[in-house]
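Structural overview
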Amino acid sequence: MNLSRILLAAATLLAATTVWAQPAPGLKKLAISDVKVTEGLADANTASGKTTSLKRVAEALDGQLMDRMQATRKFEIIGRSDMSSLLKEADFAGKGFQVSGVDYLLVTTIDDFQDQKETKTFAALGKTVDIRTVRFAAVAKIYEGATGKLIESANINLTHSQPDDVSGNNVRNGDLSDALLRTICKDLAERVATRVADVIFPARILSKMDKQVTINRGEGSGVAIGQLWNVFAQGEELVDPDTGAVLGREELQVGKVRIKQVNPKTSIGEILEDTGIDKLAVLRLPQEAN
């Protein structure tokens with residue numbers, strides 16, 4: 001192969017790589033602020049000697065949020081270095097909370113963190129076990145970048161318990177182990193990511209064939225085999241007559257779907273009830289499942 005052909009092949013490969021690296025045209029830009037801890041919680045954990053655990057949780061949640069939001073494949077995530085410069089230029093006064101250059105801003109604040117140990121005795125087994133219980137709560141707020149409008153606020157509460165003697169989950173010097181820390185932070189981050197995606201891009205039906213539907217949600221987006229989703233047909237836009245604010249759309253439940261297969265980018269559901277399921281219908285998990 002002569003030099004010109006080699007250069008042409010290299011240019012073609014570079015162009016293909018560049019195209020591959022570009023975010024999909026429909027992606028919205030989402031900036032994720034550093035995870036914050038309320039002042040009262042920080043003071044309480046300092047007094048109880050749990051500062052290290054709380055700091056590790058905040059740092060771990062920070063990384064997990066970036067990972068879980070990226071996994072939804074619905075957003076172009078703004079990097080930390082870019083985020084810092086954007087926040088410096090943000091307009092916090094006069095016009096409200098505004099950040100130019102992004103479509104949405106996610107702010108997550110930890111407002112409850114309890115790390116407790118309880119000793120339980122199992123007389124029948126003649127054994128005493130120390131159970132570590134962690135209670136973790138955070139508030140996730142989604143803002144519209146251009147206007148600073150608060151779109152949604154969600155409170156998420158989790159409690160995880162495990163014996164201290166489980167391999168990889170021992171607690172030393174009152175600090176959470178890495179294994180338990182990762183588990184609870186990943187769980188909370190996934191719930192936040194799912195909530196954000198649901199608010200901005202509700203799950204929708206892409207196609208319907210007989211008793212089966214294909215959904216535009218895949219791995220890492222909160223969809224799991226066996227889940228039951230309610231299906232809604234959307235009607236007219238609802239506008240508050242007093243303020244003129246758009247409150248959403250009228251919705252009518254038209255069926256139920258159970259997830260039977262989760263693929264990287266889509267999921268397959270089995271139709272259990274159908275009174276009008278059609279393409280682009282919205283799917284939502286029942287409230288108790290969120």
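We now turn to the structure provided with this report. The structure displayed is predicted, hence computed values, not measured ones. Sequence order as written defines the numbering, with residues in each chain counted from 1. Predicted model: local features are reported for residues with pLDDT of at least 70 only, side-chain atom pairs are reported and counted for 80 or more only, and whole-chain, interface and lining totals are derived from all residues. Derived side-chain values reflect all non-hydrogen atoms in the structure, with water molecules and hydrogen atoms excluded from consideration.

**Section: the side chain of Thr194**
Secondary structure elements follow DSSP: runs of H or I no shorter than four residues count as helices, runs of E no shorter than two count as strands, and numbering proceeds from the N terminus. With respect to the helices, strands and loops of the structure, Thr194 is situated in helix H5 (residues 178-200). Working definition: with a 1.4 Å probe on protein chains only, accessible area under 20% of the residue-type maximum means buried, over 50% means exposed, and in between means partly exposed. Given the relative accessible area of 13%, Thr194 is considered buried.

**Quick word on the pairing of strand S4 (residues 104-122)**
Pairing between strands requires that DSSP locate at least two bridges from one strand to the other. With three bridges connecting them, strand S1 (residues 28-32) and S4 associate as parallel partners. Bridging across to S4, Leu30 finds its partner in Tyr104. Alignment of strand S2 (residues 36-37) against S4, held across two bridges, turns out to be parallel. Looking at the pairing, Lys36 lines up with Thr109 of S4. In the sheet, S4 pairs with strand S5 (residues 127-144) via 18 bridges, with the strands oriented antiparallel. Across the sheet, Tyr104 pairs through a bridge with Glu144, a residue of S5. Taking the residues between adjacent antiparallel strands as the criterion, S4 and S5 are bridged by four residues, where Gly126 takes a positive phi near 65°.

**Description of the nonpolar core**
Nonpolar cores were defined as sets of buried Ala, Val, Leu, Ile, Met, Phe, Trp, Tyr and Cys residues, with membership established by side-chain atoms within 4.5 Å. With 34 residues, the main nonpolar core has Leu61, Met69, Leu106, Ile110 and Phe136 as its most contacted residues. At the level of elements, S1, helix H3 (51-71), strand S3 (75-78), S4, S5, strand S6 (150-163) and H5 are the ones that each hand at least two residues to this core. Per-element accounting of this core gives the leading share, ten residues, to H5. The residues contacting Met69, other than those within four sequence positions of it, are Leu30, Ile32, Phe75, Ile77, Leu106, Ala193 and Val196. Grouped together as the second largest cluster of nonpolar side chains are 15 residues, Ala203, Val254, Val257 and Ile277 included. Any two residues whose heavy atoms approach within 4.5 Å at even a single point are treated as in contact.

Interpretation note: all reported values are geometric properties and have no functional meaning in isolation.
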